[in-house]
Amino acid sequence: MQVLKSRQSSRDFSTDSIPLPVLSNLLWAACGVNRTESGKRTSPSAMNWQEIDLYIVTASGVFRYDAKTHALEQILTGDIRERTGSQPFVKEVPVNLVYVADYARMSRGSDEDKMLYSAADAGFISENVYLFCASEGLATVVRGSVDRSELAKVMKLRPDQKIILAQSIGYPKKSE
Ligand SMILES: Cc1cc2nc3c(=O)[nH]c(=O)nc-3n(C[C@H](O)[C@H](O)[C@H](O)COP(=O)(O)O)c2cc1C
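Residues numbered from 1 in each chain as written. Predicted model: local features only at pLDDT ≥ 70, side-chain atom pairs only at ≥ 80, totals over all residues. Heavy atoms only, no water.

## Section: the environment of Y130
Phase 1 of the analysis: Note that Y130 resides in helix α3 (residues 111-136).
Phase 2 of the analysis: Separated by 101 residues in the primary sequence, Y130 and A29 place their C-alpha atoms 9.8 Å from one another.
Phase 3 of the analysis: Excluding anything up to four places from it in sequence, Y130 contacts R7, Q8, S9, T140, V141, V142 and Q167. (Helix = DSSP H or I, 4+ residues; strand = E, 2+ residues; numbered from the N terminus. Contact = heavy atoms within 4.5 Å.)

## Here's the deal with α3
Phase 1 of the analysis: The end-to-end C-alpha distance of α3, which contains 26 residues, comes to 37 Å, matching closely the 38 Å that a straight helix rising 1.5 Å per residue would cover.
Phase 2 of the analysis: K114, S118, D121, A122, I125, S126, N128, V129, Y130, F132 and C133 are the residues of α3 that are buried.
Phase 3 of the analysis: Where α3 ends, the next residue or the one after it, G137, has phi of about 70 degrees, a positive value. (Expected span 1.5 Å × (residues − 1). Buried < 20%, exposed > 50% of the residue type's maximum accessible area, 1.4 Å probe, protein only.)

## A word on the packing of aromatic side chains
Phase 1 of the analysis: On inspection of all chains with the given rule, the structure shows 2 aromatic pairs.
Phase 2 of the analysis: Taking the centre distance of 5.3 Å and the plane angle of 50 degrees together, the rings of F13 and F89 count as tilted. Linking F13 in the loop between α1 (2-6) and α2 (20-31) with F89 in the loop between β5 (71-76) and β6 (95-102), this pair joins segments that are 76 residues apart in sequence. Comparing F13 with F89, the two get one shared label, buried.
Phase 3 of the analysis: Taken together, a centroid distance of 6.4 Å and an interplanar angle of 65 degrees make the contact between W49 and Y117 edge-to-face. Of the two residues, W49 sits in the loop between β2 (40-41) and β3 (52-58) while Y117 sits in helix α3, which places them 68 residues apart along the sequence.
Phase 4 of the analysis: Residue W49 is classed as buried on the basis of its relative accessible area, which comes to 13%. (Phe/Tyr/Trp six-rings, centres within 6.5 Å; stacked < 30°, edge-to-face > 60°.)

Written as structure tokens, this is what we have:
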């Protein structure tokens, strides 16, 4: 009840970095493995496809969250935060998540089905992130305003990897 009460979108971020243990918990809450015997996750996915990959875009580069090993794999070096959205805070916020659907993991259905299911699946993960942020005093906002084709190019994604949403995360800006 408490985290639901305080869940909200915030766009005023401090530039303070997020300690790695907090980021680690955030990613596990987002879509980590919570049942090792089946490999199922904290968020549901249509047909258990687990097609949404979380890319973590920070000042140090771009990383992909591997839920199976609960580890980050570096994909790119260099700071591309500015390319993850149109709003001014994206270039300074410590973490921008990018939700990418891998259509190669969705074995059946039309492209329309894939779009619908992957958007729903990304939404569940995003809400987990919102609730984790509420519990940890972090500020966050999910963002649809993303130049997807431009960002896909920068991230060197395959054509069947589709960017669904982005989400910025940081500590709230301290009031003066
Ligand atoms: C699918 C989706 C896309 C959104 N895109 C943006 C966005 O691009 N930029 C932004 O500042 N907020 C975005 N939001 C946040 C909404 O504006 C916000 O959730 C809404 O105003 C309600 O506020 P609340 O989350 O504090 O309840 C988006 C929310 C959703 C669910």
